[in-house]
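Breakdown of the fold
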Amino acid sequence: MLKRWFISIFLVMWCMSLHAQISGVVLDEHGEPLVGANVYWANTGIGVATDFEGNFTLMPVKSTNRLVASFVGCHNDTLTILNRQPLTIVLIDETVLDEVTITERRMGVIKSRTSAFDTQTIGTEELCRAACCNLSEAFETNASVDVAYSDAATGAKQIRLLGLSGTYVQLIQENTPAVRGLAQNFGLEYIPGPWMSGIQVSKGTSSVINGYEATSGQINVDLLKPNTQNPLSLNLMFNSETMAEANIMGGWQIPLKEEEHVHHHNVGEEHEHEHCHHESLYTGLLAHYGQNFMAMDGNHDSFVDMPKTINANLANRWFYRHGDYTFQAFVRGLYDRRRAGQLGHHADTIANPYHINLDTWRVEGFLKNGYVFDEESGSSVAVITAVSYHNLNNSYGLRNWKADQLNAYLNAIYQGNFEGGGLIDNDHRLSAGVSVNFDKYNETLNLPVTGLQDLSRWEVTPGIFAEYSYKYADMLSLVAGVRADYSTRYGFFFTPRMNIRYSPFEWWTLRASAGMGYRSPNAIADNAFILPSSRALHLAADIKQERAVNTGISTTFYIPLGSKQLQLSAEYYYTHFLNSLIVDTDQDPHAVHIYNQIDLPGAKSFAHCAQVEASIEVLRGWTWTAAFRYTDVEQTTYNSAKNQYELRPKALTNRFKGVITTSYQTPLKKWQFDVTAQFNGISRMPDGFVAYGDMLGGYGTPKPITWYPQLMAQVTKYFRACSLYLGAENMTNFRQDHPIIDSFEPFGPDFDASMVCAPTSGWKIYVGFRYDLEKPEE
């Protein structure tokens, strides 16, 4: 009986998710969120910084109920907290000269000062500095994350973090699985840019709460929420490649009961928020449609430069709150159609054209429920449940790849502060819980030589985790966690991780991290770039789990320069693979060999990554960021010249990247001008690479690609409720000449569209329109 009672209580707890103790939003006098504002308990070192929506959550303390909010250029505000109802704090500009308000412009990328994790927050202001049609274009002004085409035929993109491909980045959407499994190939383009409210990029090992898959880092995407988004938002874009996109979003409140009453106050005055327990219900709609109308062949190689696409994306989400209980629901459906290959002006003269047909259907959803048990101890329970179904039917000439994936995910979390001697200690916090991940793949690959291969599989991975957090004033914060998981394919494995931040002075912060990451490889989905080629596939019979250790150290200086502040940071990360799935394109120019690192005696795989970055607002409204990153990624592959395996730089991986980006916003935000320059190079080409024009059928000496520049710019004109923007990408017009090898003989043995090391298309112009119908004041 007791056991049954315990199980019932535990299941009820699983139906509830985390609800912050003291939560709210910090706004400026115009209703815009203040990103990076400090919210802290008076006369203590306990506080947090607001996120990219101005939101914050903070645990109560025993010593005081006076909460202080502050932001550069604004009056501080002190509140007396009597309950846990959500707060709306408005900070007023403090400097007014001749009726002109002088404020400091907020940086578009915020690096957390208080978190133990090395995390950058990319807000909507940064996302709007470029077209940002989808997640793959959200990092054009960012030095930490690379995005490049994975092949020259399908338009698929892949990110890199710390020099490693996106497969080693845990990419989640509001802490639920997003770009993984079959979605790895085009998943970045399935998240429209206008839907995003912000992105958090964490380098190195992240929290064990979200799982074990983060090897080089974690990227979490937050979408617009119905309780904070505008009633109507519209985003339209058209570019010179005849790509058109339309996005319409809206969030609305559904009246249930009497709204909360807020007591207004003067600047600097202490005030109280008077609330009554009430229900609030919101719903939101996110819709996207994109289409590429024309097939263009700019380099006259008979293959279209970009595929003709149709993408339809529709989502609905709900938000409900009643007292200590919070509920969120999200559901989305997606259809993606791509047609590529020999569709250009040469296609009519080709007797047997090479066609690429890619069709994808995806349905996904998540539920979040939450309840707070005791505000004094900070105890709460949380659960996130998510389900997705992904179906693809792809053909590349005579090659066919059909697959579907069913994923189910559950993460239940308990959090609370330590208690001793009858007192609650807010400096010590424990999070613990259980998780289950289920993947079922039905997958077949049909190649002309090897025939039909059945790659179907399934995996269930239950696990338990615990994470301890400690904070000493603003000087020290530490997060140490461990997971124990069991995979039905790979057995038991443990994931220890630790992150620590030390700030001996207000202007200097040090961070260090160490931990492990694991992932279950998906040999075809992870390497779909090899399919538009004639390369034979040699796949290891027993693919093993990938395991790696990541360590890192970083430092940030906040240097005052007059009335401005220079943020200077430096970091170094090292990833050492205990086992990786090596994709060897060196061994044979007509084949690709995929094998386990541990199956090759003495094989190694590792990545070094070092980066320096500086950011400053040099003049009012004018910001600059400059960064340089060096990566050394090496693995054991075959050297065809020496006829032996050896440790070599990984092919098609840039050694360095430099970024200089600047943005100027005129007073009163009438105009904005953005310019970004990138410097990329160099990368090693695989052995046997055939440059266009070499001897037909011969394989010359591999040629490294020297560094190349790229330039992007955008001009935005702001109006009261809308804005117009005009921009250009790759203005240097640098592109890889004839990236598709033997493109006029795609059914021959030399055809290969996977040798991409630089942009495959020239410069592009785009124009767009944004409109927001603001929420009425409550």
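Calculation rules
Throughout this description, residue numbers start from 1 for each chain and increase along the sequence as written. Reporting in this predicted model follows two pLDDT cut-offs: at least 70 for local features of residues, and 80 or more for side-chain atom pairs to be given and counted; totals over whole chains, interfaces and linings ignore these cut-offs and use all residues. To obtain the side-chain values, all non-hydrogen atoms of the structure were included, while hydrogens and water were left out. Strands are runs of DSSP state E lasting at least two residues, helices are runs of H or I lasting at least four, and both sets are numbered from the N terminus onward. Throughout, exposure labels follow a simple rule: accessible area from a 1.4 Å probe, protein chains only, divided by the maximum for the residue type, with under 20% read as buried, over 50% as exposed, and the rest as partly exposed. The contact criterion used is simple: two residues touch if any of their non-hydrogen atoms lie within 4.5 Å. Each accessible area is a Shrake-Rupley result for a 1.4 Å probe, and residues are judged covered by the shown protein chains and nothing else. We count a salt bridge whenever a side-chain nitrogen from Lys or Arg sits within 4 Å of a carboxyl oxygen from Asp or Glu. We call two strands paired when DSSP finds no fewer than two bridges between them. For helices, the axis comes from a line fit to the C-alpha atoms of the stretch in contact; other axes are also lines fit to C-alpha atoms, and the angle between any two N-to-C directions lies between 0 and 180 degrees. Patches draw on residues past 30% relative accessible area with no salt bridge. Two like charges within 9 Å are joined, as are two nonpolar side chains (Val, Leu, Ile, Met, Phe, Trp, Tyr) within 5 Å. Aromatic contacts are taken between Phe, Tyr and Trp rings whose centres are within 6.5 Å, Trp giving its six-membered ring; a plane angle under 30 degrees counts as stacked, one over 60 as edge-to-face, and the others as tilted. Both a distance and an angle decide whether a charge sits over a ring: NZ of Lys or CZ of Arg must be within 6 Å of the ring centre and within 35 degrees of the ring normal. In this description, a nonpolar core means a group of buried Ala, Val, Leu, Ile, Met, Phe, Trp, Tyr and Cys residues linked to one another through side-chain atoms lying within 4.5 Å. Every residue is assigned a pLDDT by the predictor, reflecting its confidence on a scale from 0 to 100. Polar contact is the term for a pair of N or O atoms within 3.5 Å; when the atoms are in protein, one must be able to donate a hydrogen and the other to accept it, and sequence-neighboring residues count only if both atoms are side-chain atoms.

Description of the overall build of the protein chain
- Each helix and strand counted, the protein chain has two helices and 46 strands in total.
- Residues classed as buried in the protein chain amount to 57% of the 778 residues present.
- Within the protein chain, contacts between residues at least 6 apart in sequence are counted, and of these 67% link residues at least 24 apart.
- Accessible area of the protein chain: about 32300 Å², with a carbon and sulfur share of 61%.

Re the pattern of salt bridges
- Counted by the stated rule, this structure contains 34 salt bridges.
- Between Arg332 and Glu364 there is a salt bridge, with its nearest N and O atoms 3.3 Å apart. With Arg332 in strand β24 (residues 325-341) and Glu364 in strand β25 (residues 355-374), the pair connects residues that are 32 residues apart, well separated along the chain.
- Residue classification places Arg332 among the buried residues on the basis of a relative accessible area of 5%.
- We classify Glu364 as buried; its relative accessible area is 9%.
- Residues participating in the shared-partner salt-bridge network are Asp586, Lys642, Glu646, Arg648, Arg684 and Asp687.

Description of the side chain of Gln710
- Counting through the fold element by element, Gln710 comes out in strand β44 (residues 708-718).
- Given a relative accessible area of 16%, Gln710 falls into the buried group.

As for the sheet that holds strand β34 (residues 536-539)
- Strand order in the open sheet made by the three strands is β34-β38-β37, with mixed pairing throughout. Each edge of the open sheet is held by one strand with a lone partner, namely β34 and β37 (581-584). Neighbour-to-neighbour, the strand axes of the sheet open up by a mean angle of 15 degrees, direction not taken into account.
- The sheet contact formed by β37 and strand β38 (residues 591-596) spans four bridges and is antiparallel.

A word on a nonpolar patch on the surface
- Taken together, Phe238, Phe293, Met294, Leu726, Met731, Trp763, Ile765 and Val767 make up a surface patch of nonpolar side chains, about 760 Å² in accessible area.
- Mapped onto the secondary structure, Phe238 falls in strand β19 (residues 232-239).

Observations regarding the packing of aromatic side chains
- Counted according to the given criterion, the structure contains 26 aromatic pairs.
- On the numbers, 6.2 Å between centres and 90 degrees between planes, the contact of Tyr595 with Tyr645 is edge-to-face. With a gap of 50 residues between them, Tyr595 in strand β38 and Tyr645 in strand β41 (residues 644-649) connect regions that are remote in the sequence.
- With a relative accessible area of 12%, Tyr595 lands in the buried category.
- For Tyr645, a relative accessible area of 36% translates into the label partly exposed.
- Taken together, the aromatic side chains of Phe303, Tyr354, Phe747 and Phe751 make up a single cluster linked through ring pairs.
- In this structure, Lys717 is placed above the aromatic ring of Phe719, and the distance from its NZ or CZ to the ring centre is 5.4 Å.
- Residue placement shows Arg770 over the ring face of Tyr725; its charged tip is 3.9 Å from the ring centre.

Here's the deal with the sheet that holds strand β16 (residues 176-177)
- Within the open sheet, the six strands sit side by side as β10-β11-β17-β18-β15-β16. Their pairing is mixed. Across the chains shown, the open sheet's two edge strands, defined by having one partner strand only, are β10 (109-111) and β16.
- Note: strand β11 (residues 118-123) against strand β17 (residues 196-203), six bridges, orientation antiparallel. Residue Gln120 lies in a different strand from β17, and its bridge partner there is Val201.

Let's talk about the pairing of strand β7 (residues 87-91)
- Across the two faces of β7 the burial differs, with Leu87, Ile89 and Leu91 buried and Thr88 and Val90 not buried at all.
- In the sheet, strand β1 (residues 22-28) pairs with β7 via five bridges, with the strands oriented parallel. Across the sheet, Gly24 pairs through a bridge with Leu87, a residue of β7.

Things to note about the nonpolar core
- Residues Trp401, Leu445 and Leu537 are the most contacted members of the largest nonpolar core, which totals 38 residues.
- Going through the elements one at a time, β24, β25, β26 (379-396), β27 (399-420), β28 (423-447), β37 and β38 are the ones with two or more residues in this core.
- When neighbours within four sequence positions are excluded, Trp401 is seen to be in contact with Leu182, Leu392, Asn393, Asn394, Tyr396, Glu443, Thr444, Leu445, Ile524, Ala525, Ala528 and Leu531.

Considerations on the confidence of the model for the protein chain
- A residue-level look at the protein chain finds 86% of positions with pLDDT of 70 or above and a mean pLDDT of 86.
- Segment residues 259-276 is flagged for pLDDT under 50; beyond a separation of four residues in sequence, or across chains, it makes 36 contacts in the model.
- Across residues 690-702, confidence stays below pLDDT 50; counting only partners more than four residues off in sequence or on other chains, it has 18 contacts.

Considering unusual backbone geometry
- The omega torsion across Gly681 and Ile682 is -25 degrees, close enough to zero to call that bond cis.
- Along the chain, Ile682 falls in the loop between β43 (671-681) and β44.
- Look at Glu174: it is not a glycine, yet its phi comes out positive at around 55 degrees.
- One can find Glu174 in the loop between β15 (169-173) and β16.
- By relative accessible area, Glu174 is classed as buried at 2%.
- Positive phi values are uncommon outside glycine, yet Asp742 reaches one of about 55 degrees.
- Mapped onto the elements of the fold, Asp742 is located in the loop between β45 (722-729) and β46 (764-773).

Examining the side chain of Gln736
- Tracing the chain through its elements places Gln736 in the loop between β45 and β46.
- In this structure the side chain of Gln736 is engaged in a polar contact, spanning 2.9 Å, whose partner is the backbone nitrogen of Cys757.
- Look past the residues within four positions of Gln736 in its chain and what remains in contact with it is Met755, Val756, Cys757, Ala758 and Pro759.

Points about the pairing of β25
- In terms of strand pairing, β24 meets β25 through 17 bridges, oriented antiparallel. Bridging across to β25, Arg332 finds its partner in Glu364.
- Bridging between β25 and β26 involves 18 bridges; their strand directions are antiparallel. Residue Glu364 lies in a different strand from β26, and its bridge partner there is Ser388.

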